[in-house]
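So you can see what is in the structure, the chains are spelled out below.
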Amino acid sequence: MHKRWIRRRLPVFIFTFFIILYVDFQLRTSNPPKLSVVHHPSPGAPPRCIQQVPSAAKDAQNPASNSSSSSSSSSGGNLHIANGKERHPIPKGAHVTQAKLQKEDIFIAVKTTGRFHKTRLALLLETWISRTKAHTFIFTDTEDEDLSSEGYNMVVTGCQSDHSQQALSCKMSAEYDGFMASDKRWFCHVDDDNYVNAETLLSLLSAFPQDNDIYVGKPSLDKPITAHELLEGNTTREVRFWFATGGAGFCLSRRLAEKMAPWASGSRFEQSSATIRLPDDCTVGFIVEKRLGISMVHCPLFHSHLENLLLIHHRNIPYQVTLSYGMFENKMNSIEVKGRFSKEEDPSRFKTVHCMLYPFTSWCP
């Protein structure tokens, strides 16, 4: 049994080594031209995450009214490090050694709604959240005494329960503020139809310099989205930018999240969303790429129900950061993976994946 466990985990360790080498190479050879991404690599080949050159970095804004959190994280200012919830200035030029990233350093925000507590959310609680409970925060619109009594980090936002732009942006604003009030080093957003492979997520985020501005995820479009930004005098201007689809999940480094504060903290996130009249995930991309001029890292390891999940080869499943499922043309869109659970018992295939990754789970066949 022990040898079987080693055989299961060895490919993950090999993949982690290669992704660290690859990201390190990309960062050492920065300022590249716009690069393409291999979205569906051949079986056994580690997928790659590529940082794009922002389409219009000249539009980036850096208001003088920016808070100290933004100025402190700029290249010329003083650095700050977290010590609990206090942050102490470090003299310019001093060398700061970042501690090794741990799973508990990642703030995982799950967006859901009351009507999915017993279905979608229950599946996540039984599978991957059972291993990340302490640092996973569930943002919903409905009180749930049963879940709260079981020790889950439930955040009742007071947002509307529909899928409107306003409701989505309201919840994302709550997620952002919740992360900023914590001492976590990374913010990662997922939906209630995502499976998060915590081991691969940790490997991916560990491969980035921890004091850099990182926005990593997967776009749902093959080109930057076009929006019309509302300006003073009821005029608009066309803006184009990449954004990571919230349905696949995305992550932000703390340094970048701090720089976003003038457009994302408190009510400002919903105001930014109203400015471009687009929902929450688009708004994050707008703030990062158009307000700050920082390019998104495109990573094919994140997956949403908007893509054909059958294209993920079963050998590559342990290497993905997120998975998803959903209905498309009255058919279940989910990954193809064999296991002891039938498709009727496990239509999302999340239980099958969980038992593949953690075979000693008590309820696994």
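The model shown is predicted, which means the values in this text are computed figures rather than measured ones.

(A) Structural detail: unusual backbone geometry. Backbone geometry places N234, a non-glycine residue, at a positive phi of 60°. As for its placement among the helices and strands, N234 is situated in the loop between β10 (225-230) and β11 (236-241).

(B) Spatial organisation of helix α6 (residues 198-206). Most of α6 is tucked away: seven of the nine residues are buried. The set of residues buried in α6 consists of A198, T200, L201, L202, S203, L204 and L205.

(C) Highlighting empty space enclosed by the protein. Counted according to the given criterion, the structure contains three cavities of 30 Å³ or more. The volume enclosed by the second largest cavity comes to roughly 50 Å³. For the second largest cavity, the full set of lining residues is I108, C188, H189, V190, V196, L201, G249, F250, C251, F302, V321 and T322. When residues of the lining of the second largest cavity are traced back to their parent elements, those giving at least two are β7 (186-191) and β12 (250-253). With three residues, the top contributor of residues to the lining of the second largest cavity is β7. The class makeup of the residues in the lining of the second largest cavity is nine nonpolar, three polar and no charged.

(D) Broad picture of the state of the cysteines. In the structure shown here, the tally under the stated rule is four disulfides. The disulfide partner of C159 is C170, and the S-S distance across this bridge is 2.0 Å. Every disulfide takes its handedness from the sign of the S-S torsion; for C159 and C170 that torsion is -80°, giving left-handed. One end of the pair, C159, is in the loop between β6 (153-156) and α5 (165-180); the other, C170, is in helix α5, with eleven residues separating them in the sequence. Exposure remark for C170: the relative accessible area of 18% places this residue in the buried category. One disulfide bridge connects C188 with C251, the sulfur atoms lying 2.1 Å from each other. On the sign convention where negative is left-handed, the bridge of C188 and C251, at about 110° about the S-S bond, is right-handed. Of this pair, C188 sits in strand β7 while C251 sits in strand β12, and the two are 63 residues apart along the sequence.

(E) Summary view of the side chain of T112. By the secondary structure assignment, T112 is in the loop between β4 (106-111) and α3 (120-126). Overall, the relative accessible area of 3% leaves T112 in the buried class. Every residue in contact with T112, bar those within four places of it in the chain, is listed here: H117, L121, I138, F139, T140, D141, K171 and D192.

(F) Broad picture of the sheet that holds β4. Ordered in space as β1-β13-β9-β12-β7-β4-β5-β6, the eight strands form an open sheet in which the pairing is mixed. Looking at the sheet topology across the chains shown, the edges are occupied by β1 (50-51) and β6. The sheet contact formed by β1 and strand β13 (residues 297-298) spans two bridges and is antiparallel. Bridging across to β13, Q51 finds its partner in V297. Of the strands in this sheet, β4, β9 (215-217) and β12 are in contact with helix α10 (residues 280-291), which crosses β9 at around 140°.

(G) Local environment of the packing of helix α9 (residues 268-276) against α10. For the pair α9 and α10, the least separation of the axes is 9 Å and the interaxial angle reads 90°. The pairing of α9 with α10 is recorded here as roughly perpendicular in orientation. Seen from α9, the contacting residues are F269, S272, S273, T275 and I276; seen from α10, they are D280, C282, T283, V284, F286, I287 and R291. A class-by-class count of the residues in the contact of α9 with α10 yields six nonpolar, four polar and two charged.

(H) Up close: the packing of aromatic side chains. Across all of its chains, the model carries twelve aromatic pairs by this definition. With centroids separated by 6.2 Å and ring planes inclined at 40°, the aromatic side chains of W186 and F208 adopt a geometry described as tilted. Residue W186 is located in strand β7, and its partner F208 is located in the loop between α6 and β9; the two are separated by 22 residues in the primary sequence. For the pair formed by W186 and F208, the shared burial category is buried. Between Y195 and F350, the aromatic rings sit 5.6 Å apart at their centres with planes inclined by 65°, giving edge-to-face as the arrangement. Residue Y195 is found in strand β8 (residues 194-196), and its partner F350 is found in helix α11 (residues 350-357); the two are separated by 155 residues along the sequence. The class for Y195 is buried, based on a relative accessible area of 2%. Here F350 falls in the buried class, since its relative accessible area comes to 1%. Three or more aromatic residues joined by ring pairs make a cluster, and in this case those are F107, F137, F139, F179, F187, Y215 and F250.

What counts and what doesn't
Residues numbered from 1 in each chain as written. Predicted model: local features only at pLDDT ≥ 70, side-chain atom pairs only at ≥ 80, totals over all residues. Heavy atoms only, no water. Helix = DSSP H or I, 4+ residues; strand = E, 2+ residues; numbered from the N terminus. Buried < 20%, exposed > 50% of the residue type's maximum accessible area, 1.4 Å probe, protein only. 1 Å grid on protein atoms, 1.4 Å probe; cavity = no way out; pocket = protein on both sides within 12 Å on 5 of 7 lines; lining within 4 Å. Points joined across faces, edges and corners; volume = space filled by probe spheres on them. Nonpolar A, V, L, I, M, F, W, Y, C, P; charged D, E, K, R; others polar. Disulfide = S-S within 2.5 Å. Contact = heavy atoms within 4.5 Å. Pairing = 2+ DSSP bridges. Axes fitted to C-alpha atoms, helices over the stretch in contact; angles between N-to-C directions. Parallel < 35°, antiparallel > 145°, perpendicular 65-115°, else oblique. Phe/Tyr/Trp six-rings, centres within 6.5 Å; stacked < 30°, edge-to-face > 60°.

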